[in-house]
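Okay, here's what each chain looks like letter by letter:
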Amino acid sequence: MILLSDSKKHSLLENAIVVNSHTILPYVGNPDIEAIVCTRSFARLCQGLSFPHLKMVQLLSAGYDGLDLDYYRREDIHLCNAANVYNIGMAEFVVYAMLMRAKRYHRSIKNRMLRPFRNYCYITEMAGKTAGILGAGNIGSQIAKRLEAFDMHVLGFDIKTDDRPHFEMIYNSDGLTSFLGRCDYIINCMPLFKSTEGMICKEWFDNMKDDVTIINVGRKGIINDHDFLCFLKEHKDASAILDMFEKIPNPITNPYRRLRNVLVLPGVTAISREINEKLGVLIRENMRRLQDGEDLLNQIV
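So, how was this worked out
Residues numbered from 1 in each chain as written. Predicted model: local features only at pLDDT ≥ 70, side-chain atom pairs only at ≥ 80, totals over all residues. Heavy atoms only, no water. Helix = DSSP H or I, 4+ residues; strand = E, 2+ residues; numbered from the N terminus. Rg over C-alpha atoms; globule rule 2.2 N^0.38 Å. Contact = heavy atoms within 4.5 Å. Areas by Shrake-Rupley, 256 points an atom, 1.4 Å probe, with all protein chains shown as cover. Lys, Arg positive; Asp, Glu negative; His and termini not counted. Charge placed at Lys NZ, Arg CZ, Asp CG, Glu CD. Buried < 20%, exposed > 50% of the residue type's maximum accessible area, 1.4 Å probe, protein only. Pairing = 2+ DSSP bridges. Right-handed = clockwise from strand over helix to strand, strands pointing away. Core = buried A, V, L, I, M, F, W, Y, C linked by side-chain atoms within 4.5 Å. Axes fitted to C-alpha atoms, helices over the stretch in contact; angles between N-to-C directions. 1 Å grid on protein atoms, 1.4 Å probe; cavity = no way out; pocket = protein on both sides within 12 Å on 5 of 7 lines; lining within 4 Å. Points joined across faces, edges and corners; volume = space filled by probe spheres on them. Nonpolar A, V, L, I, M, F, W, Y, C, P; charged D, E, K, R; others polar. Phe/Tyr/Trp six-rings, centres within 6.5 Å; stacked < 30°, edge-to-face > 60°.

Draft legend 1. Up close: the overall build of the protein. What the protein contains, in helices and strands, is 9 helices and 12 strands. Relative to the globule expectation of 19 Å for 301 residues, the C-alpha radius of gyration of the protein, 22 Å, shows essentially globular dimensions. With respect to the three principal axes, the spread of C-alpha positions in the protein is 70 × 45 × 35 Å. Contacts in the protein between residues far apart in sequence, at least 24 positions, make up 55% of those at least 6 positions apart. Per element, the accessible surface of the protein, about 15800 Å² overall, is 51% carbon and sulfur. Charge-centre separation for the protein: the mean point of 37 positive side chains lies 9 Å from the mean point of 36 negative side chains.

Draft legend 2. Representation of the side chain of S239 within the structure. Within the fold, S239 resides in strand β11 (residues 239-242). The exposure class assigned to S239 is buried, which follows from its relative accessible area of 6%. Sequence-distant contacts of S239, that is, excluding residues within four places in its chain, are made with R101, V212, T213, I214, L232 and N261.

Draft legend 3. Summary view of unusual backbone geometry. Located in the positive-phi region is N84, a residue other than glycine, with phi close to 75°. Tracing the backbone shows N84 in the loop between β5 (78-80) and α3 (87-102). With a phi close to 60°, D151 is a non-glycine residue in the positive phi region.

Draft legend 4. Representation of the pairing of strand β10 (residues 213-216) within the structure. The two faces of β10 match: T213 and I215 on one face and I214 and N216 on the other face are all buried. Where strand β9 (residues 185-188) and β10 come together, 4 bridges link them in parallel fashion. Paired with N188 across the strands is N216, a residue of β10. Relative to β11, β10 runs parallel, the two being bridged by 4 bridges. Residue N216 lies in a different strand from β11, and its bridge partner there is L242. Running through helix α8 (residues 225-234), the crossover from β10 to the neighbouring parallel element β11 is right-handed.

Draft legend 5. Structural detail: the nonpolar core. M98, I133, I143, L147 and I187 are the most contacted members of the largest nonpolar core, which totals 47 residues. By residue number, the principal contributor to this core is α3, which donates 8 residues. When sequence neighbours within four positions are dropped, the list of residues in contact with I187 reads V94, M98, A131, G132, I133, L134, I143, L147 and I215. Counting residues in each nonpolar core, the second largest holds 34 residues, with L192, V212, I214 and I223 among its members.

Draft legend 6. Inspection of the sheet that holds strand β8 (residues 169-171) at higher detail. What the 7 strands build is an open sheet, ordered β8-β7-β6-β9-β10-β11-β12; its pairing is parallel. For this open sheet the edge positions go to β8 and β12 (262-264), each flanked by a neighbour on one side alone. Geometrically, the sheet is characterised by an average inter-axis angle of 15° between neighbouring strands, direction not taken into account. Where helix α5 (residues 138-148) meets the sheet, it contacts β6 (130-134), β7 (153-157) and β9, and its direction lies at approximately 170° from that of β6. Across the sheet, α8 lies against β10, β11 and β12, angled at about 135° from β11, the strand it touches most.

Draft legend 7. Quick look at empty space enclosed by the protein. The tally for this structure, following the rule as stated, stands at 1 cavity of 30 Å³ or more. Forming the walls of the largest cavity are L134, I186, N188, I200, F205, M208, I214, I223 and F228. A per-class count over the lining of the largest cavity returns 8 nonpolar, 1 polar and no charged.

Draft legend 8. Just the sheet that holds strand β4 (residues 56-59), in detail. The 5 strands are arranged β2-β1-β3-β4-β5 in an open sheet whose pairing can be described as parallel. The open sheet has two free edges, formed respectively by β2 (17-18) and β5, since each of these has just one partner strand. Bridge count for β4 against β5 is 3 bridges, and the pairing is parallel. Its bridge partner being in β5, Q58 is matched across the sheet by C80.

Draft legend 9. Seen up close, the packing of aromatic side chains. What the rule picks out here adds up to 9 aromatic pairs. On the numbers, 5.2 Å between centres and 5° between planes, the contact of F205 with F228 is stacked. With a gap of 23 residues between them, F205 in helix α7 (residues 202-205) and F228 in helix α8 connect regions that are remote in the sequence. For F205, a relative accessible area of 3% corresponds to the buried category. Residues F228 and Y256 carry aromatic rings whose centres are separated by 5.6 Å and whose planes lie at 55° to one another, so their mutual orientation is tilted. Of this pair, F228 sits in helix α8 while Y256 is found in the loop between β11 and β12, placing the two residues 28 residues apart along the sequence. Y256 shares its class with F228; the two are buried. Joined through ring pairs, the aromatic side chains of F157, Y171, F179 and W204 make up one cluster.

Remember that the coordinates give geometry; whether it matters functionally is a separate question.
Below you can see the structure in the form of structure tokens.
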């Protein structure tokens, strides 16, 4: 028996039983539950529940921060994520966001005056500019591949690696100041762990260009909110395109939405028809492998 935490994904695994945080309770202790396909937050909930014969938890996300990996090892439960499912869709969206900024889409679309009276001096090209990608993993590499085709200088910052295709250079911690000072665009796609929580802070912003464009498609916890808001308020020529909110930000109370140099997106970077199809292929293949006793894809534990 397979449990699924997201009713919108039921078409991907039609033999699964859809549950939520309340309807899962009758299944606690059920020896027939072999697999749970769920979000990261639902997996955290399940860590406190008993499923005697649970063999596998398949995440719908690539990230697995906040999960107790020791729990899965101790209970002999396989934990798999959705790595490589979202890479291309997210990379394309980052390029789209950068083009919106370079071509000043939201400003230009309102300018319907006759051509002789238009002011095009604010429209720029991406070619020749420098893009810095925080995180040179699967998503970062796909972004770099696309930006390279725009004739941009593509730099990376990564704590673990210093060599990946499509990057001119990858900096590590000791080269952070130089990295930040070179970038016209900074794209964050780093994973959230205890070591990266609040990492992007005043020390980072102080070394950025005054007119930098910051695009965040990573987890919100990586950025120090107070320091980021101060930087954006003090540097009117800087801008930010943010898709880092797990819930749609309140248009009245959310401080980022009050800033004219910030565009807030409601969690749409990792959404596409193709992503959904690839996610379905991964889930069904892993369920088959589980039944046949084969090695699982994207296994973390």
